[in-house]
Each structure stands twice: as structure tokens, then as C-alpha cells.
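Structural description and commentary
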Amino acid sequence: MKENRGMSTKIVDLKEYRSDEVGLLVQAVLTELAIIFGVIVVMSDAFMPAFYAILSMTMFTMAYNNVKFFKKRYMTSVYVIVGLFVAITTIVEYIF
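Now for a quick tour of the structure. In this text the structure is predicted, and so the values were computed from the model without any measurement.

Side note on the packing of aromatic side chains
In the structure shown here, the tally under the stated rule is four aromatic pairs. Ring centres of Tyr52 and Tyr94 lie 6.5 Å apart, and the angle between their planes is 45 degrees; on these two criteria the pair is classed as tilted. With Tyr52 in helix 2 (residues 48-70) and Tyr94 in helix 3 (residues 73-94), this residue pair connects regions lying 42 residues apart in the sequence. With a relative accessible area of 37%, Tyr94 lands in the partly exposed category. On the basis of an interplanar angle of 80 degrees and a centroid distance of 4.9 Å, the ring pair of Phe69 and Phe70 is categorised as edge-to-face. The class for Phe69 is partly exposed, based on a relative accessible area of 34%. The class for Phe70 is partly exposed, based on a relative accessible area of 41%. Taken together, Phe51, Tyr52 and Tyr94 form an aromatic cluster joined through their ring pairs.

How each quantity is defined
Residues numbered from 1 in each chain as written. Predicted model: local features only at pLDDT ≥ 70, side-chain atom pairs only at ≥ 80, totals over all residues. Heavy atoms only, no water. Phe/Tyr/Trp six-rings, centres within 6.5 Å; stacked < 30°, edge-to-face > 60°. Helix = DSSP H or I, 4+ residues; strand = E, 2+ residues; numbered from the N terminus. Buried < 20%, exposed > 50% of the residue type's maximum accessible area, 1.4 Å probe, protein only.

None of this, on its own, says anything about what the molecule does.
Structure representation (C-alpha cells):
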């Protein structure tokens, strides 16, 4: 084993994250937010648009993860349709 006198440097391997892992992290965070806002909505209806927005983003993230990570393409269209339905009904109900 070779010893360096003076300054020693240590080589650290950096782990590169793939977009699949980021997508799963986003899905986990959005799912936790949906649960938290779901509990809040039971107590007060003031946060209902935020709950629906989080639910819609969760559906789109699940569709993305199905294509990229799980390779289950048949459920992707279901998640996209449900996400669009929730987003459009939320916009129509609370904005117009």
C-alpha cells in the first residue's frame, strides 16, 4: 500500500441519479401530500382545489413512472385520463 506524505486526496465515487429515481421520489412526495391534504379537506373544504391539483399531479407522475420505470404501458393511459379529468373538472369548478 502506497502512503502519500503531505496532502492526501481521497477519490469519492458520486452516484448519478437517473430520472426514474427522481420520478419515484416525486411520486412518493406527492402521495404523502395527497394524504395530508386529504385529511385537511375532511376538516375544512378550503383546501379542496389544492388537494385536486396534487391528485392530478400524482396521476401524471404515476403515468410517467409506468412508462419509464415499471414498463406497464397499459395503465399509463388510465392515469393520464384520470389526471386530465381531475384537472379539467377542478379548473371548471373552481375557476370558472
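Now that the structure has been shown, we can carry on.
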